[in-house]
Every structure is written in C-alpha cells, then in structure tokens.
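# Structural features, examined
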Amino acid sequence: PGAPGTPRSRGHRPMSACPTPPQRAMEGSTAGDGLPQMKYLVVTGGTVSGLGKGTAISSIGVVLRSHGLRVTAIKIDPYLNIDAGTMSPFEHGEVFVLEDGGEVDLDLGNYERFLDLTLTSSHSLTSGKIFEQILKRERTGHYLGKTVQIVPHVTDAIQDWIADVAQKPVDKSGQRPDVCLIELGGTVGDIEGAMYLEALQQLMFRVGRENFCTAHVGMVPVMGATGEQKTKPCQHSVKLLREAGLRPDILFCRTEQPLEEPTRRKLSVFCQVQPASIISLHDISNIYRVPLLLAEQEIGVQICRHFGLPNEGFTESALHLPESVMSCLPLEARDVRLADWRFLADRVDMCSDEVVIAIVGKYTGLHDSYISVIKALKHATVEAGLHLSIEWVDSGDLEPNAQLLDSRRYDNAWWRLKSAHGVLVPGGFGDRGVEGKVRAANYCRTSNTPFLGISVGLQLAVIEFARAELGWENANSTEFEESTPHPVIVFMPEASATVTGGTMRLGSRATLIADSGTLAYRVYGGRPVVYERHRHRYEVNSQCVAALESRGMVFSGKDDRGQRMEIIEIRHGHPFFFCTQFHPEFQSRPAVPAAPILALVLAAAKRLDRRMQEDGGVLRPGAGFERRV
C-alpha cells in the first residue's frame with residue numbers, strides 16, 4: 001500500500017473500469033526506507049512574473065490525480081521574510097492561512113483548492129526560513145567549525161527540506177504522495193533565485209533524471225499587425241534555465257491564442273524540447289478548463305512515461321462531486337478523463353442568473369488581496385447555479401469625509417453598495433476605512449440586505465450594533481481607539497503587542513454551536529462542532545456580550561471554552577445577517593463551497609429558505625450540483 005500507481009479509494013468510485021495498475025519494481029528507484037523513490041516535478045517561470053505558474057502546477061496536479069497518483073506541492077519563495085504574515089496585501093496579495101496556522105503565499109491556497117490537499121507551513125519554503133535554520137545550526141556548532149557557504153551548506157539544506165516535506169501525507173488517504181510538485185517563485189535569472197536553481201540541479205543529480213522532471217512556463221507574445229507569435233522571450237528564459245544547469249523536459253507556452261505549429265517547431269529547435277512536450281497554455285473561458293486543456297495535450301501521459309509510472313491508461317475522479325451528479329451523465333461521458341472537471345467547467349459557462357455581491361474593503365485596488373474570498377464566492381455561485389458579479393467598494397469612499405473630498409466618488413460608492421444583492425466585509429487590519437465598513441454594516445442591518453462579515457467584519461458589525469442599539473456612540477475596538485469608553489472589541493491576552501510575525505490566533509480551531517434553533521446550526525448542516533481557520537489579534541469583549549444579547553444580537557458560535565465569540569447573527573426578520581470571527585473562505589473547495597459564503601449567495605438571490613427546505617432543513621454545500629442550471 002502507498003506505492004505509486006496503486007489506486008486508492010477516496011470515498012467515491014473510480015470513473016472507469018480500467019484494471020488496477022500493477023505494482024512495479026523500479027530498479028535504482030527505491031528510497032532508503034524501501035518505498036519507491038519520490039518523483040519531483042519542478043515548475044519555473046521566465047521573462048515576467050504573473051504568467052500563471054501556480055495555476056499550471058495546480059492543473060498538472062489535477063491531471064496526475066486523474067491518473068490515480070497522489071500528489072503534494074511545495075512553493076519556494078526566494079524572499080528573506082520568514083513567511084508572508086507580515087507582508088502588506090498591496091505588496092504580495094493575500095496571506096493564506098493553513099490548517100496548522102502557517103501564514104503563506106496565496107499560491108498554496110490555489111494548490112489546496114484545486115487538489116483538495118491540507119498542506120502545512122513547511123510546504124512553504126522561503127529564504128528567510130532556510131537562512132534562519134542555517135544560522136541557528138552555525139551558532140550551535142552543527143557545522144563543526146567549517147566555513148558555512150551557499151554551496152554546499154545552503155543548497156544541501158534546501159534539498160533536505162524538500163526531500164523531507166515531500167514525504168508528508170497531505171490528502172484524505174493519509175498515505176505518502178507519489179509525486180511532489182515544486183514551484184519556484186519569481187523568474188529564472190533573478191539573483192535571489194540562483195541558489196534554488198543550484199540546489200534543484202543538485203537534487204536532480206541526487207535522485208536521478210528518471211525521478212526528476214523540469215517544466216518551464218515561458219511567454220509567447222503576439223506582436224505587430226500580423227499577429228505573429230514571438231518566441232524570443234521564451235527562448236531567452238530557457239537559455240537562462242539551461243545556464244543554471246536545468247534543461248526543461250516540458251515547455252508551457254503562455255499565449256493568447258493556441259500555439260501555432262510553426263511556433264511549436266521553432267521552439268523545439270531552439271529550446272531542445274520535443275514538439276509533443278511543448279504545451280499550449282492559451283486563454284480559455286474559465287480557470288477550470290486549464291486541467292482539461294493540459295489533459296487534451298496528454299501532459300499526464302508524458303509525465304507518467306518520464307517517471308516510468310504505469311498509470312497512463314488509469315482514470316480516476318479528481319473532484320469530489322456528489323455521486324448523484326456523476327450518475328446523471330451519459331455513461332460514455334463518465335468514462336472520459338476529467339469528466340468531473342468538464343462538468344464543473346461547463347457549469348461555470350452556463351450559469352446566467354446574475355447575483356451581485358459587494359465586497360467592502362480597503363485593498364480593493366488589488367483583487368489578489370481577497371483572492372480566497374473571490375474563489376469562495378465563485379465556488380458558491382457555481383454550486384447554486386448563479387453567475388457572480390462583484391462590485392468593489394473601497395470602504396474609505398463610504399465615510400462622511402469622502403463626501404467632502406470627492407462627492408461624485410462618494411455617491412458612486414454608495415450607489416454600488418446599494419445596488420448589490422448582498423454585501424461581504426472581509427478581514428483586514430488597521431484603522432483606515434473602518435468607519436466606512438461600520439456604515440456598510442448599518443446599511444445592511446437596517447435595510448434587510450444580506451450581509452456576511454468575516455474576522456474584522458464581525459468586529460465592526462458588533463461596533464455598529466453597540467452604537468446604534470445600545471446608544472454607546474463611542475463604542476469601538478482598542479485596535480482603532482485605545483481610550484474608547486466602550487471597548488466592545490479588545491486585544492487578546494495571549495497575543496503579542498510588539499512581535500507581529502506569527503503571534504496572532506492562527507490556524508484551525510473548534511467552534512461550538514450549541515443551539516439547534518440558530519441560523520448557524522442550519523448553515524453548518526446541523527453540526528454542533530465545526531473547525532475553521534483563524535487569523536486575528538482582537539476579539540469581542542466578553543463583558544459586553546450580555547448587553548449586546550439584550551438588544552437582539554445572537555452569539556450562536558463560541559470557542560470550546562465558551563469564552564470567545566466565533567459567530568454572531570441578527571434575526572428580527574432579517575433575511576441574512578451573519579458574521580464569523582474565523583475565515584471560512586480558506587477551506588472552500590470547488591465541489592464543496594464554504595457554508596457561510598454559500599448561504600450569503602443564496603440569501604442574496606432570495607433562495608436560501610427554499611434551498612434549506614430542499615436540503616432537509618439544513619444547508620448541504622455541494623448538493624446544489626444535483627440541480628440543473
């Protein structure tokens with residue numbers, strides 16, 4: 001058990017009746033523990049950032065899963081930060097939080113969503129982590145007086161880190177992965193990435209070429225009136241990669257239109273890659289078609305052959321859609337590779353009934369700052385058979401002083417907020433724009449507009465309620481006003497006020513939902529205990545809870561000690577006013593949307609009550625796929 005090529009049960013039946021791939025004895029490919037050698041697939045990028053390495057590596061993983069292989073994923077970020085926790089969203093996009101509390105690059109969120117994995121903080125490798133490890137070892141005499149250098153000490157540490165993390169089980173099978181996908185952040189030629197390229201070529205020598213595959217994502221732009229596809233950017237990035245000691249086995253060409261055959265042949269000659277291994281990554285209708293695009297070009301077959309894995313003809317489900325959904329497909333469609341992903345991709349394109357959700361935040365200028373929220377909304381709308389339209393509202397534009405500075409911008413922000421079918425206030429830090437979020441919460445509460453507040457969104461909803469319903473005009477959070485006479489939100493006692501990195505309440509925590517009559521109980525499918533991921537330093541002041549409850553605020557979810565407020569809701573005839581201290585978006589998956597976000601979307605479309613009745617009185621995320629669009 002656990003050998004690559006052995007099909008596993010993932011809680012659903014295989015998509016075809018293909019025979020079980022045979023166990024194989026691989027000469028020279030056995031690790032020291034007697035298990036088959038781990039296979040490593042490295043993805044690099046060239047010329048410019050933002051070509052889509054993260055999407056490419058996630059889609060490769062989906063295809064490999066459809067061949068019956070277990071995969072894991074590691075992201076290498078060459079920056080000197082220990083992790084992404086202290087980075088501004090404007091600098092690096094969203095900080096994604098893992099199950100163990102690791103604060104990591106948003107690409108790891110993409111891996112988890114596409115591949116349904118549960119990664120750890122060690123799956124994010126940064127130069128900060130490596131140098132911290134090296135320097136601690138040097139101070140404790142680990143190197144026995146040697147001169148500590150990039151080669152071999154740093155490169156050896158990188159290889160050992162990758163080899164160790166690659167062995168960790170990350171999927172529901174609990175078994176060791178077969179293939180480790182590694183994404184090297186940045187572009188080939190960046191000075192900070194040089195030591196990783198050196199380490200990776202050493203790793204290739206260490207494990208053997210038959211266990212190591214290099215894929216490179218290159219840019220093929222279209223220039224001039226003739227629309228000719230230009231290969232020089234891709235050629236030059238491959239040249240830099242080869243100078244670093246790595247030769248691409250697979251070349252992904254990022255282009256607007258499908259790669260033309262003359263272009264493919266030219267790249268094959270100049271980059272020394274077989275034409276069949278030059279893959280067109282052109283623009284398509286939605287992101288869920290990327291695995292289908294790769295499978296059509298037989299990327300899975302090529303990788304299996306490169307690694308000597310007998311999984312070419314094996315077909316397995318790569319997406320956990322309900323069995324009732326797949327059984328509705330024609331038999332011939334069910335037996336096609338990635339039939340489940342094709343169903344999802346087709347459904348995305350077919351959804352036409354629009355639902356408009358306003359996201360009220362302070363980082364609206366960079367949508368990657370809220371990428372998990374966006375993806376979770378997309379998961380929810382596709383499951384519900386709706387087309388998502390997002391209205392971005394800068395919370396600062398909702399504040400009274402904004403009207404004095406730019407009345408047209410102020411009026412436009414309020415028009416966009418009021419025209420939305422539902423409103424979501426995501427997490428964030430700092431006092432800029434908080435009064436605008438408070439005003440948005442007030443508007444939604446008093447106008448019966450469906451509202452979901454996440455993390456600081458919950459805290460600001462509490463502040464608004466205390467001001468409006470309790471008459472505490474100066475109620476606030478000590479994060480924004482330390483001397484407030486009514487501190488309804490306070491600093492957590494165990495958090496650090498001086499050290500910012502990794503000192504928040506992070507990772508998966510239990511939330512207890514004791515009352516079966518609450519909306520929270522129904523939204524979470526009747527479960528009395530749910531586990532969600534957290535990232536916050538401030539919380540509801542427990543001394544104010546009784547006063548807030550006396551005016552109708554319901555604290556329907558609490559931590560396992562009953563001291564921290566995790567979920568609030570307001571009834572009084574409101575269709576949906578729901579807030580969570582945790583971040584439900586981090587565990588949303590294409591086949592199983594985050595429950596609170598699905599509930600917001602359904603409430604915004606005026607379908608929540610009917611859906612709960614159809615689901616048996618509680619919400620069952622994923623059941624919406626059983627209904628045709």
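Residues numbered from 1 in each chain as written. Predicted model: local features only at pLDDT ≥ 70, side-chain atom pairs only at ≥ 80, totals over all residues. Heavy atoms only, no water.

Looking now at the overall build of the protein. Helix and strand counts for the protein stand at 22 helices and 23 strands. In terms of overall dimensions, the protein is globule-like: its C-alpha atoms have a radius of gyration of 26 Å, near the 25 Å expected for 629 residues. In terms of overall dimensions, the protein has a C-alpha envelope of 75 × 65 × 55 Å along the principal axes. Per-residue burial over the protein gives 60% buried out of 629 residues. For the protein, contacts bridging at least 24 residues in sequence account for 72% of all contacts bridging at least 6. Total accessible area computed for the protein in this model is approximately 24900 Å², and 52% of it derives from carbon and sulfur atoms. A gap of 3 Å separates the mean positions of the 67 positive and 74 negative side-chain charges of the protein. (Helix = DSSP H or I, 4+ residues; strand = E, 2+ residues; numbered from the N terminus. Rg over C-alpha atoms; globule rule 2.2 N^0.38 Å. Buried < 20%, exposed > 50% of the residue type's maximum accessible area, 1.4 Å probe, protein only. Contact = heavy atoms within 4.5 Å. Areas by Shrake-Rupley, 256 points an atom, 1.4 Å probe, with all protein chains shown as cover. Lys, Arg positive; Asp, Glu negative; His and termini not counted. Charge placed at Lys NZ, Arg CZ, Asp CG, Glu CD.)

Let us now look at the sheet that holds strand β11 (residues 278-282). What the seven strands build is an open sheet, ordered β5-β2-β6-β1-β7-β10-β11; its pairing is parallel. Unpaired on one side and paired on the other, β5 (124-126) and β11 mark the two borders of the sheet. For this sheet, the mean inter-axis angle between neighbouring strands, taken without regard to orientation, is 20°. Alignment of strand β10 (residues 250-255) against β11, held across five bridges, turns out to be parallel. Residue Phe252 lies in a different strand from β11, and its bridge partner there is Ile279. This element, helix α4 (residues 127-139), spans β2 (71-77) and β5 of the sheet and lies at about 70° to β5. Across the sheet, helix α5 (residues 150-166) touches β1 (39-45), β2, β5 and β6 (179-184), and the angle it forms with β2 is around 150°. (Pairing = 2+ DSSP bridges. Axes fitted to C-alpha atoms, helices over the stretch in contact; angles between N-to-C directions.)

Bringing the pairing of strand β7 (residues 212-219) into the picture now. One face of the sheet, then the other: side chains in a regular strand alternate in exactly this way. Most of β7 sits inside the fold, with seven of its eight residues counted as buried. Bridging between β1 and β7 involves six bridges; their strand directions are parallel. When the bridges of β7 are listed, Gly45 appears paired with Val217. Pairing of β7 with β10 involves five bridges; the strand directions are parallel. Note on β10: the bridge partner recorded for Gly218 is Cys253.

We now examine helix α6 (residues 194-207). The end-to-end C-alpha distance of α6 is 20 Å, a good match for the 20 Å that 14 residues give at a rise of 1.5 Å each. Listing the buried residues of α6 in full gives Met195, Tyr196, Leu197, Ala199, Leu200, Gln202, Leu203, Met204 and Val207. The first or second residue beyond α6 is Gly208, which carries a positive phi of 95°. (Expected span 1.5 Å × (residues − 1).)

Moving on to the packing of aromatic side chains. Any pair of aromatic rings gets described here by the distance separating the centres and the angle formed by the planes. On inspection of all chains with the given rule, the structure shows 14 aromatic pairs. Taken together, a centroid distance of 6.4 Å and an interplanar angle of 70° make the contact between Tyr524 and Phe582 edge-to-face. Of this pair, Tyr524 sits in the loop between α19 (519-523) and β19 (529-536) while Phe582 sits in the loop between β23 (577-580) and α21 (595-604), and the two are 58 residues apart along the sequence. Each member of the pair Tyr524 and Phe582 is classed as buried. One aromatic cluster is present, formed by Phe90, Tyr363, Tyr370 and Trp392 through successive ring pairs. (Phe/Tyr/Trp six-rings, centres within 6.5 Å; stacked < 30°, edge-to-face > 60°.)

Take the packing of helix α17 (residues 434-447) against helix α18 (residues 456-469) next. One can describe the packing of α17 onto α18 by two numbers: an axis separation of 9 Å at closest approach and a directional angle of 70°. Regarding the angle of α17 to α18, the classification is roughly perpendicular. Here α17 runs over α18; the crossing is right-handed. Side by side, α17 and α18 meet where Val434, Glu435, Lys437, Val438, Ala441, Asn442 and Arg445 of the first sit next to Val456, Leu460, Ala461, Ile463, Glu464, Phe465, Arg467, Ala468 and Glu469 of the second. Residue composition of the contact of α17 with α18, grouped by class: nine nonpolar, one polar and six charged. (Parallel < 35°, antiparallel > 145°, perpendicular 65-115°, else oblique. Left-handed = near helix turned anticlockwise from the far one by under 90°. Nonpolar A, V, L, I, M, F, W, Y, C, P; charged D, E, K, R; others polar.)

Here the focus is the packing of helix α14 (residues 371-384) against α21. Axis separation between α14 and α21 bottoms out at 9 Å; the angle between their running directions is 55°. It follows that α14 is oblique to α21 by the angle criterion. By crossing handedness, the relation of α14 to α21 is classed as right-handed. Judged by residue contacts, Ala376, Leu377, Ala380, Thr381, Glu383 and Ala384 of α14 engage Ile597, Leu598, Val601 and Leu602 from α21. Taken together, the residues that form the contact of α14 with α21 break down as eight nonpolar, one polar and one charged.

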